[in-house]
2 protein chains.
Amino acid sequence: MDTMEGLHRSQYCAEVSEADNGKEVVLCGWVERRRDHGGLIFIDLRDRTGIVQVVASPDYETVSFKKAEQVRTEYVLVVRGVVRMRDTDTVNPKMKTGTIEIRCEELRILNSSKTPPFYIEDNIDVDEKIRLKYRYLDLRRPEMQNNLIMRHKVKHAMRTFLNEHGFIDIETPELCKSTPEGARDYLVPSRVNDGKFYALPQSPQIFKQLLMISGMDRYYQIARCFRDEDLRADRQPEFTQLDMEMSFMNQEDILLLVEQMVHYIFKETLGHDVALPIHRMTWDYAMENYGSDKPDIRFDMKFTDITDLVRDTEFKVFRSVVDNGGQVKAINVKGYAGIPRRELDGLVEYVNAYGAKGLAWICFMEDGTLKSQVKKFLGEETLQAIGEKCGSQTGDLVLMIADKPAVVAASLGELRKEMGRRTNSIDENKFAFTWVVDFPMFEYSEEEKRYVAMHHPFTAIRDEDLDKLETDPGHVYAKAYDLVLNGVELGGGSLRIYQQDIQQRVFKAIGLTPEEADQKFGFLLRAFEFGAPPHGGLAFGLDRMIMLMLKRKSIRDVIAFPKTQNAIDPMSEAPSEVTKKQLHELHIQLEEDLVKK
Amino acid sequence: MDTMEGLHRSQYCAEVSEADNGKEVVLCGWVERRRDHGGLIFIDLRDRTGIVQVVASPDYETVSFKKAEQVRTEYVLVVRGVVRMRDTDTVNPKMKTGTIEIRCEELRILNSSKTPPFYIEDNIDVDEKIRLKYRYLDLRRPEMQNNLIMRHKVKHAMRTFLNEHGFIDIETPELCKSTPEGARDYLVPSRVNDGKFYALPQSPQIFKQLLMISGMDRYYQIARCFRDEDLRADRQPEFTQLDMEMSFMNQEDILLLVEQMVHYIFKETLGHDVALPIHRMTWDYAMENYGSDKPDIRFDMKFTDITDLVRDTEFKVFRSVVDNGGQVKAINVKGYAGIPRRELDGLVEYVNAYGAKGLAWICFMEDGTLKSQVKKFLGEETLQAIGEKCGSQTGDLVLMIADKPAVVAASLGELRKEMGRRTNSIDENKFAFTWVVDFPMFEYSEEEKRYVAMHHPFTAIRDEDLDKLETDPGHVYAKAYDLVLNGVELGGGSLRIYQQDIQQRVFKAIGLTPEEADQKFGFLLRAFEFGAPPHGGLAFGLDRMIMLMLKRKSIRDVIAFPKTQNAIDPMSEAPSEVTKKQLHELHIQLEEDLVKK
């Protein structure tokens, strides 16, 4: 193999332009492909910026031409040559460098390559496990390189904005204390402290609040977090979060600052102007109209509550739901009245999966008639009234679900999204943001027969609701907020309680005695005794944000070395077995049934 | 307690200046101290920028004055008031805001505080464990805030420089595969994959090399790393590292780029101009002259090899060392000939601790005579010759050690540093950088009776030494380099082997068969088969760098929430015991003797 001795790369491949015509350049990269034509050898040389065409000929330089003859796909080259304009008939308008080429004066082979297991190109149809096993080749594909470079740019934009706004980037520990709250911890056995364990952080929540107590005033961190949950398509055992906290600001201050940050990030990285101020809705409104606290508002199709219209019906199915405190809600699907019966049956199955026992429908046919499987129960007049309330027009389809509010929300919410997709109502190029604010502070746990904190018990309460803490906890709202993009929660946060009297009242509301609270939240509560400032913050899921910005379907496409859904890295084969000596040093052993295996 | 309702902070406390005279400001912060004088109340209000004086009077506003009377140290306030010039006799030239004060129009108490366990001020003399237990109060102290803010600025400067030089910030996994090489791993049991374990990364070394193979070209990451070693004063179980790797660059390119980066960081954060180019010395030179591969070159006092002068002496101690392949080296301590005998005896003990069996000395007295405990063995003539070779003058002290080269290096190296301190030769305000280059590729392991890689077996070899790989591995040097600041290794790295034939020869030199190599380095070696580019990089210990920049004695002072030397966090009490259920889910249990405890 050759070396680069004496050669220095002059620029990246796709940075060569017509302005360099006649100049000598030195380029490094990988062989995308090689063609032999008319006694010449054409090599497409690729680096992270793109491709440039190199032409070798025995007339230019013999030794290099001989080397060019040995070149195969993915060989690593350094090429010295002169930039020249291509003949007009060989110009490639699809390539950034399509009007120029490099007349090869010197070519050195820095390394050879085996044939890769898949093509190094975009939109390949390869089993993801193979891509992950050969991740270093998968990451050579331009779309994957672009994903990682975009991720870099997003982080850079975040940091630039936050640095300019007085935020201090502070690292918090990753070897933390295990807490019984929240998701399952990843544990790390301690060698020095026999029988004890660290936990990897689920978030830096407690540390960032301590930093506010320490007067750091504005904190941020792009932090690695860990949750040992059963993995879904959009979850990873480790994930990255933009974590922020600030003091002496109210909710309005925080939301406006975050909006500016989001605007800055989208502008700097995608050139996209996020419309400010960002739309806001309350949690109640979101649940009532979209059945979700993360509504996709790229399309409308909001819920209509038709409970009142069917309250006095003879139709037993609706009647019994309403009598038992349930509700009946509908969505209007524009121009979908012609839906085949088989598709309707499929929709019934679709909502079944989300807990709804049935789905009623009305087709407002083009000829002015209406069809409905519940026509004989509800009568045409009621159906027309429903249509009117839903704003239905000729050609529209109304879909109705009657059930407990939670079931209506979940099933009709999912149905709404599904109908949005089927009617092509979702503009995939759109970025539709909304704040969801005024989350309930508590939710009633049927299991525990008590109120529990919806977010966490340190979440601040709306001033106007403080009086209801003891009398009506179900109607106490929190100073909590989520930022939603295209129906996905980008991030969320809250103001925190910093006053001990209110904190004690909240603990009481969720049935915690001061002793129990101390046991659970000990050192944080003690820290609050030494002059905690008013503070609040939020956290953004970075992986998800970048996935949405890049319109990718999987967060694994925006993470350099992700794990599979079984939390395995097929490339390095982590996790793996370790030696008994290693375990012994950590004072642990495998459970006996495993040892016997 | 009051709220901030209707008030918005106008600026930070120490940002108020004479330019604001007559303006209304709203300030937030903690009560540094309160003084009552002449019917007025003076409050020093502190935030992360510093202190400003607030004056409350019943003449200004009665309600606020009453509140000011309740105020204690570390209470949290918001103050609205008008900036005014102080009377000339109350100007405080030591304070940034010492010429102005705030006439208090409104004062609200946002939170009270218990009396802190120590004063919130610099240079406190408090047991570090107490400081760590109340870290949120320790971090309120200006020097600690400054440390964290400086750390933030250093990271910002690093990122700015690297972003501008085409480096991509890429996150690598923290749930990795355990490898038998290097230090002890922290392990993380896998719940989903019974009996298997992840390891926390000791460094992103393998991943950054894979990123080069993937064509990312220039990578960096400010990465969290973990080593389960026995802790010393300057070690933490988790630490932060600036990790870099780049392709198609030679060693000279890399060193020059890193020098520019270091210059940029010191300039941007400390306003200090690092003299470029940074001094360079070979590893051989460093070991010969300083007995260390991280020499402190803030002062001279280099070693002088006097072996030849004593080779033929009758003095048995020296003679037998020399005859057995040892050496005799000396340092000259200027103006220290008057050293008391007791101090000399102490120095003997000092070098004993580093393995030296003895220490010979010569005092060149002011009266022209010389004193030495070995005068009768070596004779005055030889002692004078030694003094001449060491450049000694009247009044100087020469200290000599005779031993195996490794012992001479270690003990005389430490003695050199100690004498540097005792003679006040070390300018604590100096930043003395040096590159140490040309590390030996191998060192002979007496234990394993074979050569082992000094850095790691992927380190590239100097081109001129390739021929010696099989014939003279002891004289093969690596393309490896360390950056040393004031006698501390700031960072280090190397070019990597990217060609398989050379890699195989290196494996052979350290006695690894291809099968063994595959077993140990499997997937990385396979990755190298698909077109690895020439590449290299380095890593900087961030904690240590910031400690040195800030002239702190402990890295714990530049880490927000560090662990003690027993790897404990006294604040959160991590690590802690966990439940049997948690362990059972992870398929592990405590070793039986622990359970019985």
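Rules of the game
Residues numbered from 1 in each chain as written. Chains lettered and ligands numbered in written order. Predicted model: local features only at pLDDT ≥ 70, side-chain atom pairs only at ≥ 80, totals over all residues. Heavy atoms only, no water. UniProt positions renumbered as here; feature names shortened; annotations may be inferred. Helix = DSSP H or I, 4+ residues; strand = E, 2+ residues; numbered from the N terminus. Buried < 20%, exposed > 50% of the residue type's maximum accessible area, 1.4 Å probe, protein only. Contact = heavy atoms within 4.5 Å. Areas by Shrake-Rupley, 256 points an atom, 1.4 Å probe, with all protein chains shown as cover. Lys, Arg positive; Asp, Glu negative; His and termini not counted. Charge placed at Lys NZ, Arg CZ, Asp CG, Glu CD. 1 Å grid on protein atoms, 1.4 Å probe; cavity = no way out; pocket = protein on both sides within 12 Å on 5 of 7 lines; lining within 4 Å. Points joined across faces, edges and corners; volume = space filled by probe spheres on them. Nonpolar A, V, L, I, M, F, W, Y, C, P; charged D, E, K, R; others polar. Axes fitted to C-alpha atoms, helices over the stretch in contact; angles between N-to-C directions. Parallel < 35°, antiparallel > 145°, perpendicular 65-115°, else oblique. Left-handed = near helix turned anticlockwise from the far one by under 90°. Buried area = accessible area lost by both parts, 1.4 Å probe. Salt bridge = Lys/Arg side-chain N within 4 Å of Asp/Glu carboxyl O. Polar contact = N/O pair within 3.5 Å; in protein donor to acceptor, adjacent residues only side chain to side chain. Pairing = 2+ DSSP bridges. Least-squares fit on C-alpha atoms with pLDDT ≥ 70 in both. Domains from an automatic or database assignment. Phe/Tyr/Trp six-rings, centres within 6.5 Å; stacked < 30°, edge-to-face > 60°. Lys NZ or Arg CZ within 6 Å of the ring centre and 35° of its normal.

Per an unreviewed UniProt entry, chain A is named Aspartate--tRNA(Asp/Asn) ligase, and its organism is Megasphaera cerevisiae DSM 20462. We quote the UniProt Function (unreviewed entry) comment for chain A here in full: "Aspartyl-tRNA synthetase with relaxed tRNA specificity since it is able to aspartylate not only its cognate tRNA(Asp) but also tRNA(Asn). Reaction proceeds in two steps: L-aspartate is first activated by ATP to form Asp-AMP and then transferred to the acceptor end of tRNA(Asp/Asn)." Reading the Catalytic activity (unreviewed entry) entry of the UniProt record for chain A gives the comment "tRNA(Asx) + L-aspartate + ATP = L-aspartyl-tRNA(Asx) + AMP + diphosphate".

Chemist: Please explain the overall build of chain A as it appears in this structure.
Modeler: Secondary structure summary: chain A contains 18 helices and 23 strands in total. When the backbone C-alpha atoms are referred to their principal axes, chain A occupies close to 95 × 75 × 60 Å. Counting only residues that meet the buried cut, chain A has 59% of its 597 residues in that class. Pairs at least 24 apart in sequence give 67% of the contacts found in chain A among residues at least 6 apart. Carbon together with sulfur atoms contributes 48% to the accessible area of chain A, which is approximately 25,200 Å² in total. Computed over 81 positive and 97 negative side-chain charges, the inter-centroid distance for chain A is 3 Å.

Chemist: I would appreciate a short explanation of empty space enclosed by the protein in the present structure.
Modeler: Take a probe with the size of a water molecule and roll it over the atoms, and the empty space left behind shows itself. Overall, the coordinates contain seven cavities of 30 Å³ or more when judged by the stated rule. Of the volumes computed, that of the largest cavity is approximately 360 Å³. A:Ile222, A:Arg224, B:Ile222, B:Ala223 and B:Arg224 are the residues nearest the centre of the largest cavity, which is lined by 26 residues in total. Breaking the lining of the largest cavity down by element, the ones donating at least two residues are helix H4 (142-164) and strand E9 (218-226) of chain A together with helix H4 (142-164) and strand E9 (218-226) of chain B. Element by element, the count of residues in the lining of the largest cavity is highest for E9(B), at six residues. For the lining of the largest cavity, the class distribution of residues is nine nonpolar, five polar and 12 charged.

Chemist: Please explain the packing of helix H5 (residues 205-213) of chain A against helix H15 (residues 514-527) of chain A as it appears in this structure.
Modeler: Axis angle and axis distance: for two packed helices, these are the angle between their axes and the distance between the axes, and together they describe the pair. Residues and elements named next belong to chain A. Where H5 meets H15, the axes come as close as 10 Å, and the angle between the chain directions of the two elements is 20°. If you check the angle between H5 and H15, you find them roughly parallel. Where H5 crosses over H15, the two elements pack in a sense that is left-handed. Residue-level inspection shows Ile-206, Gln-209, Leu-210 and Ile-213 of H5 in contact with H15, the latter providing Phe-523, Leu-524 and Ala-527.

Chemist: Looking at this structure, I do not really get the interface of chain A and chain B. What am I missing?
Modeler: Accessible area lost during the coming together of the parts is what is often quoted as the interface size. On the chain B side, the residues contacting the 129 residues of chain A number 130 residues. Across the interface of chain A and chain B, roughly 11,400 Å² is buried in total on both sides, 56% from carbon and sulfur atoms. Contact with chain B buries area across many residues of chain A, yet A:Glu171, A:Phe248 and A:Phe530 alone supply 7% of it, more than any other trio. Counting across the interface, chain A meets chain B through 18 salt bridges. Across the pair B:Glu171 and A:Lys155 runs a salt bridge, and its minimum N-O distance is 2.8 Å. In this structure, the connection of chain A to chain B is made through 71 residue pairs in polar contact (both at pLDDT 80 or more). Looking at the side of chain A that touches chain B residue by residue, the class counts come to 60 nonpolar, 32 polar and 37 charged. Bridging between strand E23 (residues 588-590) of chain A and strand E23 (residues 588-590) of chain B involves three bridges; their strand directions are antiparallel.

Chemist: Could you clarify how one ought to interpret the sheet that holds strand E15 (residues 370-372) of chain B in this entry?
Modeler: Note: strands within a sheet are paired through backbone hydrogen bonds, in either parallel or antiparallel orientation. Residue and element names in this part refer to chain B. Overall, antiparallel pairing links the five strands, which are arranged E12-E13-E16-E14-E15 in an open sheet. Lying at the two open borders of the sheet, with one neighbouring strand each, are strand E12 (304-305) and E15. Taken together, the seven bridges between strand E13 (residues 327-333) and strand E16 (residues 397-403) define a ladder with antiparallel strand orientation. The residue of E16 that forms the bridge with Lys-329 is Ile-401. Most of the contacts of helix H10 (residues 341-352) go to E16, to which it runs at about 30°, and overall it touches strand E14 (360-364) and E16.

Chemist: What is the right way to look at the relation of the copies chain A and chain B in this model?
Modeler: In this structure, two copies of a chain are linked by a rotation about an axis accompanied by a shift along it. For these two chains of identical sequence, chain A goes onto chain B by a turn of 180° and a shift of 0.0 Å along the axis, with RMSD 0.1 Å. Overall, the copies show the geometry of a two-fold rotation axis. Most of the interface of chain A is mirrored in chain B: 100% of its interface residues are interface residues there too.

Chemist: Hey, could you run me through the pairing of strand E22 (residues 535-541) of chain A in this one?
Modeler: Working note: regular strand, side chains alternate between the two faces of the sheet. All names here are of chain A. A large share of E22 lies buried, amounting to six of its seven residues. Looking at chain direction, strand E10 (residues 238-247) and E22 are connected through seven bridges and run antiparallel. Following the sheet pairing, Met-246 is matched in E22 by Gly-536. Both strand E21 (residues 488-495) and E22 contribute to a ladder of five bridges, which runs antiparallel. Bridge assignment links Gly-491 to a residue of E22, and that residue is Phe-540.

Chemist: It is not clear to me how the pattern of salt bridges should be interpreted in this structure. Could you clarify?
Modeler: Opposite charge on two side chains makes pairing possible when the charged atoms of those side chains draw close. Applying the stated criterion across every chain, the model contains 126 salt bridges over all chains. Put simply, B:Lys23 and B:Asp20 hold a salt bridge, and the shortest N to O gap is 3.7 Å. Taken together, the shared-partner salt bridges in this structure form one network comprising A:Arg131, A:Arg135, A:Asp138, A:Arg141, A:Glu143, A:Arg552 and A:Asp557.

Chemist: In this structure, what is going on with unusual backbone geometry? I would like to understand it.
Modeler: Glycine aside, residues mostly have negative phi angles, and peptide bonds mostly take the trans form. Between B:Leu276 and the following residue, B:Pro277, the backbone shows a cis peptide bond with an omega angle of -10°. Inspection of the secondary structure assignment puts B:Pro277 in the loop between helix H6 (251-270) and strand E11 (280-282). B:Ala574 connects to B:Pro575 through a cis peptide bond whose omega is -5°. Mapped onto the elements of the fold, B:Pro575 is located in the loop between helix H16 (542-549) and helix H17 (580-585). Positive phi is not limited to glycine here, since A:Ala567 has a value of about 65°. Note that A:Ala567 resides in the loop between helix H16 (542-549) and helix H17 (580-585). Its relative accessible area of 1% is what places A:Ala567 among the buried residues.

Chemist: Can you help me understand the domain arrangement of chain A in this one?
Modeler: Domain boundaries in chain A define domain 1 (13-111) and domain 2 (299-422). Taking the mean C-alpha position of each, domain 1 of chain A and domain 2 of chain A sit 63 Å from one another.

Chemist: Honestly, the packing of aromatic side chains in this entry has me stumped. Any pointers?
Modeler: Each aromatic ring pair is characterised by the separation of its centres together with the angle its planes make. With the rule as written, the count across this model stands at 36 aromatic pairs over all chains. Residues A:Phe507 and A:Phe521 carry aromatic rings whose centres are separated by 5.8 Å and whose planes lie at 5° to one another, so their mutual orientation is stacked. Highlighted residues: A:Phe507 in helix H14 (residues 500-509) and A:Phe521 in helix H15, separated in sequence by 14 residues. Exposure class is identical for A:Phe507 and A:Phe521. Each is buried. Ring geometry for B:Tyr444 and B:Tyr451: centres 5.2 Å apart, planes at 80°, overall edge-to-face. A residue is classified by how much of its surface remains accessible, and B:Tyr444, at 42% relative accessible area, is partly exposed. Members of the aromatic cluster, connected to one another through ring pairs, are A:Tyr134, A:Tyr136 and B:Phe530. Between the NZ or CZ atom of A:Arg416 and the centre of the ring of A:Phe299, over which it lies, the distance is 4.0 Å. In this arrangement the basic side chain of A:Lys551 is found over the ring face of A:Phe431, its NZ or CZ atom lying 4.0 Å from the centre.

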